[in-house]
Amino acid sequence: MREKIYYMLLEIYLILVLLWLFIGSILNTYEYIDSTLTSLGLFVFAILGIILYIFYKFIQKKYSLMDYLIVMMSLLGYLSYCNAFDKRVALIGFIDGREGLLAILSYYMIFLLSTTVKNEKIRKDVFKLLTLIGIIFVFYGVLQIFGIFSFLGIPIVGQWKYASSLLNNSNFMGAFCVLMSGLWLGKYFFEDIEKINYKSLIVLFIFVLGLLISGAMSAFVALIVMMLIIIFIYFFVFRKRFNIKKVFLKVLNIFLIFLISFIFVNCCNSNELIKDVRILNSEVFNSATSGLKKEYGTGRVHIWKESLKYFPKYIWTGVGIDNFIYLGKNEFVTDYISGVKYSKAHNEYLQILLTEGIFMFVIYLLFLGIIFIKSLLSIFRNKKVNYVVLSLFLAYFGYCIQAFFNISMIKVAPIFYMISGMLVSCVEGEKLKY
């Protein structure tokens, strides 16, 4: 009886988190609220999550490695807050994103609660809601790149060569679509390897299109990596399990929807996409032959090199959560052309290292590494294809790849932690289906 109550409350909790992020994104886009309210709302969910998780532990009376890692990460986050250059910013976050300690604690609780998802209905409902929200985001983004200023009487804002959708930033849109493309790549390819599910193919096309209209090269790289993982796993590792011709046809379909999406977006934004891809290709090639230059990655290499100069000064607890802009106190890390001050490292891992310190950096990598290793062991040891694990893993790993070139934000990061938690639940023995 207590378990039924818990799972009922858990589903309500996860659904409300997604709705809060979605509604908050809409209200923020139209400037009814700012990111501060979204962040504080997430902290309310953190408090509710702690209560719900204690209830779960009272029922199960078991503790896992992830419990201890999250406790360690929370304590290290608190130490970073205590030693922060600006404690107020460390608590509620810098004005651009409000990703302070309060928001980060909500991520941790969302993750822990998601690791307890053992009910097929919960995961299925979360997946459906995420898909619906994602389709709305992509539709809004398409309206933006077509330069449509009104739809059914609703003003469409944020028109640019690339789509930011209701996430207010094209990079955030790219990160979100990486997660959704990963989920649907797995569902389309692995749910029934011998058949082509055209419904899944169409939804996958929508999210690949959404990823490309964002113009985020970090997301572009993540998508390519996810597709290559699929090819590697089933053409080289599990090639004896299936009909190679049918597998090849599925892979061909994936590349076709990628090509169609690419051509469509490139035509809509006057060849800007192909220009950016050519620049990316050139930078990757030149990096391998002549090293990294400061202008690479739209100036990201410059940010990384400049910010790392301050690492020895803040090695233990960092400059403070979300205090990146204060690394040099009165000497800011700025764009070498425009002089704009940067408030993020544009690399999630570097951001953690510089703002929360070396111990937090190591524990966070350990946290991600354990999920990664457990997932691979589950995939390669399982004699049957567990497409749920594969779908969640692709989404998880795709996000980790794009995080090398992107920033964490409260509108997308909670979804990553939710997916990561469900992945942990699956690889620890749960047999869930879509």
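Please refer to the structure placed before this passage.
Everything numeric here is computed off the predicted structure, so don't read it as measured data.

Caption draft 1: Expanded view of the overall build of the protein chain. Looking only at helices and strands, the protein chain features 16 helices and two strands. C-alpha extents for the protein chain along the principal axes are approximately 60 × 60 × 50 Å. A total of 434 residues make up the protein chain; the buried ones form 57% of that total. In the protein chain, of all internal contacts separated by at least 6 residues, the share reaching a separation of at least 24 is 76%.

Caption draft 2: Quick look at empty space enclosed by the protein. Counted by the stated rule, this structure contains five cavities of 30 Å³ or more. Taken as a whole, the largest cavity encloses approximately 250 Å³ of empty space. Together, 20 residues line the largest cavity, and Glu 99, Ile 104, Ile 352, Glu 356 and Ser 408 are the ones closest to its centre. Elements with a contribution of two residues or more to the lining of the largest cavity: helix H5 (101–114), helix H13 (348–356), helix H14 (358–381) and helix H16 (413–427). Counting residues per element, the lining of the largest cavity draws most heavily on H13, which supplies five residues. Tallied by class, the residues present in the lining of the largest cavity amount to twelve nonpolar, three polar and five charged.

Caption draft 3: Spatial organisation of the environment of Val 221. Summarising the element assignment, Val 221 is placed in helix H9 (residues 217–237). You can call Val 221 partly exposed: its relative accessible area is 23%. A C-alpha to C-alpha distance of 28 Å links Val 221 and Lys 124, two positions 97 residues apart in sequence. Among all residues touching Val 221, those that are not within four sequence positions of it are Leu 280 and Ile 401.

Caption draft 4: Quick look at helix H15 (residues 387–402). For H15, spanning 16 residues, the distance from its first C-alpha to its last is 22 Å, which sits close to the expected 22 Å at 1.5 Å a residue. Taken across its 16 residues, H15 has 16 buried, putting it largely inside the fold.

Caption draft 5: Spotlight on the packing of aromatic side chains. As enumerated under the stated definition, the model contains 35 aromatic pairs in all. Both rings, one in Tyr 349 and one in Phe 404, keep their centres 4.7 Å apart while their planes meet at 50°; by these two values the pair is tilted. Of this pair, Tyr 349 sits in helix H13 while Phe 404 is found in the loop between H15 and H16, placing the two residues 55 residues apart along the sequence. Between Lys 250 and the ring centre of Phe 189, over which it is positioned, the NZ or CZ distance is 6.0 Å.

Caption draft 6: Main features of a nonpolar patch on the surface. A cluster of nonpolar side chains, Met 1, Ile 5, Met 8, Leu 9, Ile 12, Leu 16, Leu 19, Ile 23, Leu 27 and Tyr 32, forms an exposed patch at the surface whose accessible area comes to about 950 Å². Topologically, Met 8 is positioned in helix H1 (residues 2–29). For Met 8, a relative accessible area of 47% translates into the label partly exposed.

Calculation rules
- Once a new chain begins, its residue numbering starts again from 1 and follows that chain's sequence as written.
- Reporting of local features is limited, given that this is a predicted model, to residues whose pLDDT is at least 70; pairs of side-chain atoms are given and counted only at 80 or more, and all residues count toward the totals for whole chains, interfaces and linings.
- Side-chain numbers here rest on the full set of heavy atoms in the structure, without hydrogens or water.
- Helix numbers and strand numbers start at the N terminus; a helix is a DSSP run of H or I with at least 4 residues, a strand a run of E with at least 2.
- Only protein chains enter the accessibility calculation, which uses a 1.4 Å probe; a residue is then buried when its area is under 20% of its type maximum, exposed when over 50%, and partly exposed in between.
- Contacts are assigned to residue pairs with any non-hydrogen atoms lying within 4.5 Å of each other.
- Two kinds of site are reported from a 1 Å grid over the protein atoms alone, namely cavities, where a 1.4 Å probe fits but cannot get out, and pockets, open sets with protein on both sides within 12 Å along at least five of seven lines, and residues are called lining when an atom falls within 4 Å of a point.
- Grid points are joined across faces, edges and corners, and a volume is the space filled by probe spheres set on the points.
- As a working rule, the residues Ala, Val, Leu, Ile, Met, Phe, Trp, Tyr, Cys and Pro are called nonpolar, Asp, Glu, Lys and Arg charged, and the rest polar, with Gly in that last group.
- Expected helix span is given by 1.5 Å per residue-to-residue step, counting one fewer step than there are residues.
- Stacked, tilted and edge-to-face are the three classes assigned to paired rings of Phe, Tyr and Trp, where Trp is represented by its six-membered ring and a pair needs centres within 6.5 Å; plane angles under 30 degrees give stacked, over 60 edge-to-face, the rest tilted.
- Ring-over charges, as used throughout, are those where CZ of Arg or NZ of Lys falls within 6 Å of the ring centre and within 35 degrees of the ring normal.
- Each patch groups residues whose relative accessible area exceeds 30% and which form no salt bridge, using 9 Å between like charges and 5 Å between nonpolar side chains of Val, Leu, Ile, Met, Phe, Trp and Tyr.
- In these tables, accessible area is a Shrake-Rupley quantity obtained with a 1.4 Å probe, and a residue counts as shielded only by the protein chains included in the view.
- We count a salt bridge whenever a side-chain nitrogen from Lys or Arg sits within 4 Å of a carboxyl oxygen from Asp or Glu.

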